[in-house]
Amino acid sequence: PESIFIYLSHNIDFITSRKNSTTIWNKKYNYPKEWDFEILKDHELPKQLYYEILGSTPPVLLCEGKENSIDVKVYQELFKEYKVRPCESCDNVKKYVKTIKELDIFKNKVVNGIVDLDMRTPKDIKNCVRDGIFVLNVVEVENLLFVPELVDKMFSTYSNDEQKCLFFASISYYYVIYITQIF
């Protein structure tokens, strides 16, 4: 016999672990019988990212890198008003931002991207900016760690010299790790 299971959950890991499922988004409920829901359609975005953005109140900033990468840590410090989500590659950032902006379900969400300068042409930079993707003015995010204005901004969040030294030591550690991975 066929069985149907209905789950109500706010746990994104649980929701994304369901296979062969249909997701219904309960946008609003007024007691006792007023439901405003939408059946979610398939899309090109990873499920985890899709649901995180859907449930996010603050604006979202998509970046290169992985969950614990230096990209995420730097952007979380610089853009505290954003929920920073890594997408691994700059191609993914560009594709996901474009897809999100095309989906009606996200029309009231603020989602932007940020990518390294790399070897981008002025035309590519212009296209990124047009699509809501910020382009750094340095080749890669690690180089931000040495831009004096940004170092001052990051330092200003720490109240004493000991915290500042720990912050600089952690930056140095990540930069050394990064350099050794390249060579």
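Refer to the structure presented above.
Below, the structure is looked at part by part. (Residues numbered from 1 in each chain as written. Predicted model: local features only at pLDDT ≥ 70, side-chain atom pairs only at ≥ 80, totals over all residues. Heavy atoms only, no water.)

1. Quick notes on the layout of surface pockets
Move 1: Reported here for the largest pocket is a volume of approximately 1100 Å³.
Move 2: Looking at the largest pocket, it is lined by 25 residues, and the ones nearest its centre are Y7, L8, S9, T23 and I24.
Move 3: Those elements that place two or more of their residues in the lining of the largest pocket are α1 (12-17), β1 (24-30), β2 (34-39) and α2 (47-54).
Move 4: Considered class by class, the residues forming the lining of the largest pocket number 15 nonpolar, eight polar and two charged. (1 Å grid on protein atoms, 1.4 Å probe; cavity = no way out; pocket = protein on both sides within 12 Å on 5 of 7 lines; lining within 4 Å. Points joined across faces, edges and corners; volume = space filled by probe spheres on them. Helix = DSSP H or I, 4+ residues; strand = E, 2+ residues; numbered from the N terminus. Nonpolar A, V, L, I, M, F, W, Y, C, P; charged D, E, K, R; others polar.)

2. Observations regarding unusual backbone geometry
Move 1: Here the amide bond leading from Y31 into P32 is cis, since omega sits at 10°, within 30 degrees of zero.
Move 2: Looking at the secondary structure, you find P32 in the loop between β1 and β2.
Move 3: The residue N20 is not glycine, and still its phi comes out positive at about 50°.
Move 4: Relative to the assigned elements, N20 resides in the loop between α1 and β1.
Move 5: The backbone phi angle of E88 is positive, close to 70°, even though this residue is not glycine.
Move 6: Here E88 shows up in the loop between β4 (83-86) and α4 (90-102).

3. Some thoughts on α2
Move 1: The buried fraction of α2 is high, at six of eight residues.
Move 2: Along α2, the residues that are buried comprise L49, Y50, Y51, E52, I53 and L54.
Move 3: Against the buried residues of α2 lie α1, β1, β3 (60-63), β4, α4 and β5 (111-115). (Buried < 20%, exposed > 50% of the residue type's maximum accessible area, 1.4 Å probe, protein only. Contact = heavy atoms within 4.5 Å.)

4. Section: the pattern of salt bridges
Move 1: Scanning the entire structure with this criterion turns up eight salt bridges.
Move 2: Ionic pairing is found between E52 and R85, a salt bridge with its closest N-O pair at 2.4 Å. Here R85 lies in strand β4 and E52 lies in helix α2, a separation of 33 residues in the sequence.
Move 3: With a relative accessible area of 14%, R85 lands in the buried category.
Move 4: Between E67 and R85 there is a salt bridge, with its nearest N and O atoms 3.1 Å apart. Remark: R85 occurs in strand β4 and E67 occurs in the loop between β3 and α3 (70-78); sequence separation between them is 18 residues.
Move 5: Classification of E67 by relative accessible area gives partly exposed; the value is 42%.
Move 6: Beyond isolated ion pairs, a larger network of salt bridges with shared partners links K94, D118, R120 and D124. (Salt bridge = Lys/Arg side-chain N within 4 Å of Asp/Glu carboxyl O.)

All we've got here are geometric facts, nothing functional implied.
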